[in-house]
Amino acid sequence: QVQLVESGGGLVQAGGSLRLSCTVSGSIFSIGAMGWYRQAPGKQRELVATISSGLSANYADSVKGRFTVSRDNAKNTVYLQMNSLKPEDTAVYYCNAVLIVVKMEYTYWGQGTQVTVSS
């Protein structure tokens, strides 16, 4: 019974900032990589940022320099700090996490949180 719940989405003007968080709950043995994806209406879901258990981060070119992904292992939470937001950042943002149980990996997804950037 593992669940991922995102929060922090909302409406912001262009140039503003938002901080998303995603907390993993349930029976957890170990969490590997965690990440953020987004999907805009009529478009495919795309990777935004990932962070490994060793804190190595990767970003999509479209958000590099503006977004920062981080995690707090004690809280089973991953964050996405979004600065200098643009209207094209408008999307539903989903977090995911790779859970490791007996050396087997399982990927879980949250329900998403809406981010809307107005111009």
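Computed from a predicted model, the values in this text were never measured in an experiment.

Conventions adopted
- Residues numbered from 1 in each chain as written.
- Predicted model: local features only at pLDDT ≥ 70, side-chain atom pairs only at ≥ 80, totals over all residues.
- Heavy atoms only, no water.
- Salt bridge = Lys/Arg side-chain N within 4 Å of Asp/Glu carboxyl O.
- Buried < 20%, exposed > 50% of the residue type's maximum accessible area, 1.4 Å probe, protein only.
- Core = buried A, V, L, I, M, F, W, Y, C linked by side-chain atoms within 4.5 Å.
- Helix = DSSP H or I, 4+ residues; strand = E, 2+ residues; numbered from the N terminus.
- Pairing = 2+ DSSP bridges.
- Axes fitted to C-alpha atoms, helices over the stretch in contact; angles between N-to-C directions.

Examining the pattern of salt bridges
Phase 1: Applying the stated criterion across every chain, the model contains four salt bridges.
Phase 2: Of the charged contacts, one joins arginine 38 and glutamate 46 as a salt bridge, the two residues approaching to 2.8 Å between their closest N and O atoms.
Phase 3: What makes arginine 38 buried here is its relative accessible area of 5%.
Phase 4: What makes glutamate 46 partly exposed here is its relative accessible area of 36%.
Phase 5: The closest approach of N and O atoms between aspartate 61 and lysine 64, which form a salt bridge, is 3.5 Å.
Phase 6: Aspartate 61 gets classed as exposed once you look at its relative accessible area, which sits at 67%.
Phase 7: Taken together, the shared-partner salt bridges connect Arg38, Glu46, Arg66 and Asp89 into one network.

Concerning the nonpolar core
Phase 1: Formed by 28 residues in total, the largest nonpolar core has its most connected members in Trp36, Leu80, Met82 and Tyr93.
Phase 2: At the level of elements, β3 (18-25), β4 (30-39), β5 (46-51), β7 (67-72), β8 (77-82), β9 (91-101) and β11 (113-118) are the ones that each hand at least two residues to this core.
Phase 3: In terms of residues, this core owes the most to one element, β9, which gives five residues.

Some points on the pairing of β7
Phase 1: Side-chain alternation along β7 places Phe67, Val69 and Arg71 on a buried face and Thr68, Ser70 and Asp72 on a face that remains uncovered.
Phase 2: Taken together, the six bridges between β7 and β8 define a ladder with antiparallel strand orientation. Among the inter-strand pairings, threonine 68 is bridged to a residue of β8, identified as glutamine 81.
Phase 3: Taking the residues between adjacent antiparallel strands as the criterion, β7 and β8 are bridged by four residues, where asparagine 76 takes a positive phi near 50 degrees.

Overview of unusual backbone geometry
Phase 1: For asparagine 76, which is not glycine, the phi torsion reads 50 degrees and is therefore positive.
Phase 2: Here asparagine 76 shows up in the loop between β7 and β8.
Phase 3: By relative accessible area, asparagine 76 is classed as partly exposed at 26%.
Phase 4: Of note, lysine 103 is a non-glycine position whose phi angle comes to about 65 degrees, a positive value.

Observations regarding the sheet that holds strand β1 (residues 3-7)
Phase 1: Taken in spatial order, the four strands make up an open sheet running β1-β3-β8-β7, and their pairing is antiparallel. Across the chains shown, the open sheet's two edge strands, defined by having one partner strand only, are β1 and β7. Across this sheet, the average inter-strand angle for adjacent strands is 15 degrees, counted without regard to direction.
Phase 2: Bridge count for β3 against β8 is six bridges, and the pairing is antiparallel. Following the sheet pairing, leucine 18 is matched in β8 by methionine 82.

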